[in-house]
Amino acid sequence: MSRPPAYVQQAEETWTHLEKGLEEIKILIEGGSSRPWELKQYLDYTNKVYGLVKQHETQKILANHIQAYIVNLCTGVIMPILKDLRDQQFLSELSVRWYRFKLFCKIISLLYSHLDNGYFNPKTSKPGEEDNTIQQLQPFAYTQFRTRVFKDLHKTSQNLILSFIDKDRDGEAVDVTMLKNAVDLFIMMDPKDKTYYRDLEREYLSRTSTFYRNMATKALQTDTSPEYMIKCENAFAAENQRIKNYMSSSSQIPVRDTLIVELLQKHVKELLDMEHSGFVQLVEGNKLEDLARMYSLMRNLDNGIGIIPMSKDFQVYMMSVGNEMMKNQEIIQKNEGAPKEAKKPAKDEAKPEAEEGMVKDEPEPEDGAKKKKKKKKKKSAKAEGDDDAAEPAEPAPKETGEDGAEGGEGDAADAPKKKKKKIIKKTVKKVVNETQQNVEFVDSLLKLYSRFNKMYLECFQSNKFFNDAIKNAFTDFLNQTSVGKSCPELLAIFVDDFVKKKQAQQVDDFVKTTFDEVVALLNYLHEKDKFMENYKTLLAKRLLTQYDQSTFQEETERYFLTLLKNQHGHAFTADMDGMFSDHSSANTLQEAFDTYVVDERLNLNIDLQVQIITDSHWPRFMYRELQLKPVLQNALAAFEKFYKSRHNNRSLRWLHSNATLVMSLKFAKKTCEVTMTSEQGNLLSEFNEGTFSFVDIATRLGLDQAETKRLVISLMNPKNPILCVIGDSSEETTDLKETDKVAFNIAHDPIKKKFRIQAPSVLSAFEKKGIATAVDELRKFQIQCAICRIVKAAKGIEFTQLQTNVLEQLNLFHPTTKEIKLGVEDLIERDYIERDAKQNDRIILKS
Amino acid sequence: MSWSSAGEKYKNNAKQQVASVTGCSMEVAERVLQHTQGDITSAINEYYDHPERYPEPRPKTPPKPKVNEGEILNLFKRYSNSDQTNIEPDGLERLLDESKVDPENIGVLIFAWKAKAEHPAEFSKDEFVLACKETGIDTLNAFGQKVPTLISFIQTPAAFRDFYRWSFKYYLTEERARKLSNETACILFGIVMKGRTPFYDQIIQFLTEKKDEVKTVSIDAWNMLLDFGEQIQPDLSNYDIPGKTDHWPVMIDDFVDWIKSKQ
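Computed from a predicted structure; not experimentally measured.

Some remarks on the packing of helix α6 (residues 106–114) of chain B against helix α9 (residues 157–170) of chain B
Residues and elements named next belong to chain B. Axis separation between α6 and α9 bottoms out at 10 Å; the angle between their running directions is 85°. Put simply, α6 runs roughly perpendicular to α9. Residues Ile106, Leu109, Ile110, Ala112 and Trp113 of α6 touch α9, and the partners they reach there are Ala159, Asp162, Phe163, Trp166 and Tyr170. The class makeup of the residues in the contact of α6 with α9 is 9 nonpolar, no polar and 1 charged.

In structure tokens:
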């Protein structure tokens, strides 16, 4: 036996030291008492390693030793311990052992980095050397662990892990760290292909799937859908947490998919259609939280089986609610419509005399020629003139004037009057109710929209399918029925009512939300142009009758207009913009006029306020001739002269029907100054001459009966009854009848000396007709423009295509085929276009 | 199926269709159809692709017969007004009366068409002379004989179409009128379309019955009425094919609805 060379001996000696160091480290890892190494110790150790690695001869000795040490650690230390353990103890020990082993490997690969680099480094290894020497220490150690420890135990441990996961899922407390390390072992034993882990995962998924399949079946037998959905949500969270706790994050998606299939996909129909708590019931009950949960769960499924069926149901539900509302409104409208219908026949008789009763000897100034400008006047009756008082239709009675209305009062005894008052109250109430009902109806539509829109935004996360559902449903029921036809009008009335309210004084969130909803509803209407004309007419009324009041809420009005502009473009609101600018330029002009009056030393004896309005922007007005008193005539003439001096080529036309005037009314107890519209004043002065039914008045003034009734009622406000019904006392009546005699209510004692009578806010028949005509004309015009544009651009186009294109271009309303055909016919007639001689369904430009 | 072996009924129908679509004469239609072995669609294409191959035959009416212009002027003088500028309605009435021509005869209208007359029942000198030259009329006798035969001038579909369209404008009597009154349209239709459409009686009945709703007839409706009469099957089966034939004017739509409501 030959003595080994000296360097071998030395190496062996050094190894002994090194081995001791390794033992220390082991103890350290196991949590033994040793203090952590200091830097010096560490350097010392690596130096020793380096010393051996430096020489080729000792390198190999060191490598062999350390490898043997690792093998021994696996077979001699770890295996024997694990062998006798079972169940939790086993798994727990395995996971601890693995954890320590991993740590140990990490540390030695640091300590032996010289060896790794110098000896195991594949780059420096010579060809022909054995493969396993090439492996660096850590991989070598893992391989050893796998072949010597893991291979035999892996089935056992896999089953154990799974059974612990099952326990965890069942709610039992488990050692999460243990599981995490154990699973880590499965990953690290084959970090590249992860075959062990994938085995484990497969089994895990299959168990997950079974578990939730059972859970779903069981839960659905008893749960309502919200309860079930909460369970689903919890399941998703729990599984997610499980992955985070001990599984590889790569398992997250497969597990999720498993849950989706088992919990949702297999039960989606059952869930959505569940009796008493299905999707529709949740919508019906406004269960926002449950709906949001349902949406975010269903979002996981294909749109085709989750979201789309939901949005379809949503649409159907909205449609049924909407149609129901429309039906109710229809019934209300029918009931209201009936009495009006009955009165129609009588109407026409009074008509022939229209206007004539008004025109007296004095012709209206500036009534001829072309009217580029209209004019509307406001008068404050501060004049001191001494004219006769009871001039009919004269809008500016004087304070000193006798108001003959008292004449009519003499006959009216006190007793019957009281009875009558009740009736009046009822009557007035009814008229108010009509507007009120309309407003309430629109309000309920807005609420409906807001409710669904909220669901769309908050529960359905602005998913486009639900947006489409809202659009389809609202478009459908808003445009269908006969009530639908009046929707544009009702919407305009609603806006009118709304902007007059106190709440609308400032543009706050409430106002903004309401307007947004109005604009949204408007978008669903087919006949936006109808809304526009109604809105325009009502706006005109607001601008004119509230001119000198602070009640006109310009900021709010303008805000709404801006919304319309943003939504439908500049052309949509051009007229309204014009109206506003007329309105705002009034003050400047008024000041100029006042200065003019002073400069010219004119003595008008009257405060004349004039509002100039540009004809083309404003809706049609009723031109009515009025016999004017000299004082007023002078004032108007002065203004005309003044205006001509500024704008020579413009012509003026006075719009008496839209004037405001102040009348002094002599009640028994006091004389009051009352501001009202010229129409009201006109009507009121008739009562200087006695008592009349509204039919009489209509005949006397040459007005439409329904109009007159409306005006009479506007003067019968229960809070401030200027007129009252006298005569026979049939208390049953709720409506102002044709036979009811009306008189000036001289016994009335107003609270204030100066007050204003509300103008009737309902649109008059004339205004309604004006709106209808304007809509009609605009439509014809737009259709024909569109046809010309399209034909011109296409050079020639088949009718069917033309129709499609016209419908595409016009978004304010939906023209019917008939309307388009008539447009074509009209244009052919006027030689803009013609039919192709060879193909008569083809339209070409007229050459 | 070859053209020569086709049935007479089919031939006529096919010729009619080709002629009405392309506006060519029946003779030309026959030639084109021969070329395409009776296929109507390709015949139409063929006609449009190579119009030069199918010139219209010279109108059958032989070269304008020689007329004596002096005689024409004499004829004109006899019936014209005192200024001898125009033949006015009463002059025309005399002319028709003395030549024993029925005023309702379509020939009178064709005469006016040939005259390029502007106002109903009136002829300027130039108009009258032009028409006489075109039709070979120079005496009262010739007028009486030839006017009822003038129908030969409107035998080709193209000529008839021109005549038909002209008649609408001819009857627009009032200043700046663009539409015919229901009544006028009814009379005019009765004269010009007699025997030319299976819908003849129905259209007249429709116009008469609906005179309160259909107060006027636009030029488009009038022109399309001809197409309607020529193209639409008596059972209306090819009337309203969505996307293909829904281009008819409103009046014709109403007419069809009216027929359907009667059935």
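That shown, we press on.
Looking at the interface of chain A and chain B
The partner chain B presents 19 residues to the 14 residues of chain A that form the contact. Buried surface at the junction of chain A and chain B, summed over both partners, amounts to about 1600 Å²; 47% is from carbon and sulfur atoms. Contact with chain B buries surface across chain A, with Lys821, Glu825 and Glu829 of chain A losing the most and accounting together for 38% of the total. Summed over the shared surface of chain A and chain B, the result is 3 salt bridges. A salt bridge links Asp253 of chain B to Lys821 of chain A; its shortest N-O distance comes to 2.2 Å. Taken together, the connections running from chain A to chain B amount to 8 residue pairs in polar contact (both at pLDDT 80 or more). If you list the elements that add at least two residues to the side of chain A that touches chain B, you get α29 (799–809), α30 (817–829) and β10 (839–845) of chain A. Sorting elements by how many residues they give to the side of chain A that touches chain B places α30 of chain A first, with 7 residues. Partitioning the side of chain A that touches chain B into residue classes produces 3 nonpolar, 2 polar and 9 charged.

Focus: a negative patch on the surface
Residue and element names in this part refer to chain B. Among the surface-exposed residues, Asp83, Glu88, Asp90, Glu93 and Asp97 lie close enough to one another that they form a single negatively charged patch. With respect to the helices, strands and loops of the structure, Asp83 is situated in the loop between α4 (69–79) and β1 (86–87). Take Asp83: its relative accessible area is 59%, and that puts it in the exposed class.

Describing the side chain of Gln590 of chain A
Looking at the element boundaries, Gln590 of chain A is found in helix α23 (residues 570–599). Gln590 of chain A has contacts with Leu608, Gln609 and Val610 of chain A, leaving out every residue within four places of it along the chain.

Observations regarding unusual backbone geometry
Residue and element names in this part refer to chain B. Unusually for a residue other than glycine, Lys100 sits at a positive phi of about 60°. For Lys100, the position within the fold is in the loop between α5 (89–99) and α6. For Lys100, a relative accessible area of 73% corresponds to the exposed category. The phi angle at Leu236 is positive, at roughly 65°, despite the residue not being glycine. Mapped onto the fold, Leu236 is located in the loop between α12 (219–231) and α13 (250–262).

Quick notes on the pairing of β10 of chain A
All names here are of chain A. As judged from the 3 bridges shared by strand β8 (residues 796–798) and β10, these two strands associate in the antiparallel manner. From the neighbouring strand, Ile797 faces β10, where its bridge partner is Ile843. From the end of strand β9 (residues 833–836) to the start of β10, which pair antiparallel, there are 2 residues.

Some details on the sheet that holds β9 of chain A
Residues and elements named next belong to chain A. Overall, antiparallel pairing links the 3 strands, which are arranged β8-β10-β9 in an open sheet. Because the sheet does not close on itself, it has two edges, and the strands there are β8 and β9. Going from strand to strand, the sheet's axes swing by 35° on average, the running direction of each strand aside. Here α30 sits on the sheet in contact with β9 and β10, set at roughly 105° to β9.

Some remarks on the packing of aromatic side chains
Residues and elements named next belong to chain A. Throughout the structure, instances matching the rule amount to 63 aromatic pairs over all chains. Ring plane angle 55° and centroid distance 6.0 Å describe the contact between Tyr295 and Phe460, whose orientation is recorded as tilted. With Tyr295 in helix α14 (residues 288–298) and Phe460 in the loop between α17 (414–459) and α18 (464–480), this residue pair connects regions lying 165 residues apart in the sequence. Of the two residues, Tyr295 and Phe460, neither departs from the other in class, the shared state being buried. Three or more aromatic residues joined by ring pairs form one cluster here, namely Phe279, Tyr295, Phe314, Tyr317, Tyr449, Phe452, Phe460, Phe466, Phe474, Phe477 and Tyr524. The cationic tip of Arg169 hangs over the ring face of Phe211; the distance from NZ or CZ to the ring centre is 5.7 Å.

Some remarks on the pattern of salt bridges
By the definition in use, this model includes 43 salt bridges over all chains. For Arg542 of chain A, the salt bridge is made with Asp496 of chain A, and the minimal N-O distance between the two is 2.6 Å. Of this pair, Arg542 of chain A sits in helix α21 (residues 528–545) while Asp496 of chain A sits in helix α19 (residues 482–499), and the two are 46 residues apart along the sequence. Across the salt bridge formed by Asp227 of chain B and Arg161 of chain B, the nearest N and O atoms sit 2.9 Å from each other.

Brief notes about the packing of α23 of chain A against helix α24 (residues 630–646) of chain A
Residues and elements named next belong to chain A. The contact between α23 and α24 brings their axes to 11 Å, and the two run at 110°. By the angle class used here, α23 and α24 are roughly perpendicular. Considering the relative orientation of α23 and α24, their crossing is right-handed. Where α23 approaches α24, its residues Leu589, Ala592, Phe593 and Tyr596 are matched on the opposing element by Ala638, Phe639, Lys641, Phe642, Tyr643 and Arg646.

Observations regarding α12 of chain B
Residue and element names in this part refer to chain B. A rise of 1.5 Å per residue sets the reference length of α12, with its 13 residues, at 18 Å; its end C-alpha atoms lie 18 Å apart and thus fit the reference within 8%. Burial of α12 is extensive: 11 of the 13 residues sit out of reach of the surface. Within α12 the residues assigned to the buried category are Ile219, Asp220, Ala221, Trp222, Asn223, Met224, Leu225, Leu226, Asp227, Phe228 and Gly229.

Re the confidence of the model for chain A
All names here are of chain A. For chain A, the mean per-residue pLDDT works out to 76, and 82% of the residues sit at or above 70. Within chain A, the lowest mean pLDDT, 32, falls on helix α16 (residues 405–409), and the highest, 90, falls on α14. Below pLDDT 50 for its whole length, residues 128–133 participates in 4 contacts with residues either more than four positions away or in separate chains. pLDDT under 50 marks residues 729–733. Its contacts with residues more than four places away, or in other chains, come to 11 contacts.

Describing the confidence of the model for chain B
Counting all residues, the mean pLDDT for chain B is 81, and 94% of those residues have values of 70 or more. Mean pLDDT values for the elements of chain B range from 79 in helix α1 (residues 8–22) of chain B up to 89 in helix α11 (residues 200–209) of chain B.

Details of the pairing of strand β3 (residues 660–666) of chain A
Residue and element names in this part refer to chain A. With 6 of its 7 residues buried, β3 lies for the most part within the structure. Sheet analysis places β3 next to strand β4 (residues 671–677), joined by 7 bridges and oriented antiparallel. Pairing of Val662 across the sheet is with Thr675, part of β4.

Concerning the nonpolar core
Of all hydrophobic cores here, the largest spans 185 residues; its most connected members are Phe314 and Phe474 of chain A. Looking at which element gives the most residues to this core, the answer is α17 of chain A, with 11 residues. Both domains that furnish three or more residues to this core are identified here as domain 2 (69–154) and domain 3 (173–262) of chain B. Setting aside residues up to four positions removed in sequence, Phe474 of chain A forms contacts with Met318, Leu445, Leu448, Tyr449, Phe452, Asn479, Leu521 and Tyr524 of chain A. Listed in part, the 66 residues of the second largest apolar core include Leu82, Leu91, Leu94 and Ile108 of chain A.

Thresholds, definitions, all that
Residues numbered from 1 in each chain as written. Chains lettered and ligands numbered in written order. Predicted model: local features only at pLDDT ≥ 70, side-chain atom pairs only at ≥ 80, totals over all residues. Heavy atoms only, no water. Axes fitted to C-alpha atoms, helices over the stretch in contact; angles between N-to-C directions. Helix = DSSP H or I, 4+ residues; strand = E, 2+ residues; numbered from the N terminus. Parallel < 35°, antiparallel > 145°, perpendicular 65-115°, else oblique. Contact = heavy atoms within 4.5 Å. Nonpolar A, V, L, I, M, F, W, Y, C, P; charged D, E, K, R; others polar. Buried area = accessible area lost by both parts, 1.4 Å probe. Salt bridge = Lys/Arg side-chain N within 4 Å of Asp/Glu carboxyl O. Polar contact = N/O pair within 3.5 Å; in protein donor to acceptor, adjacent residues only side chain to side chain. Patch = residues over 30% accessible without salt bridge, like charges linked within 9 Å, V, L, I, M, F, W, Y side chains within 5 Å. Areas by Shrake-Rupley, 256 points an atom, 1.4 Å probe, with all protein chains shown as cover. Lys, Arg positive; Asp, Glu negative; His and termini not counted. Charge placed at Lys NZ, Arg CZ, Asp CG, Glu CD. Buried < 20%, exposed > 50% of the residue type's maximum accessible area, 1.4 Å probe, protein only. Pairing = 2+ DSSP bridges. Phe/Tyr/Trp six-rings, centres within 6.5 Å; stacked < 30°, edge-to-face > 60°. Lys NZ or Arg CZ within 6 Å of the ring centre and 35° of its normal. Left-handed = near helix turned anticlockwise from the far one by under 90°. Expected span 1.5 Å × (residues − 1). pLDDT = per-residue confidence, 0-100. Core = buried A, V, L, I, M, F, W, Y, C linked by side-chain atoms within 4.5 Å. Domains from an automatic or database assignment.

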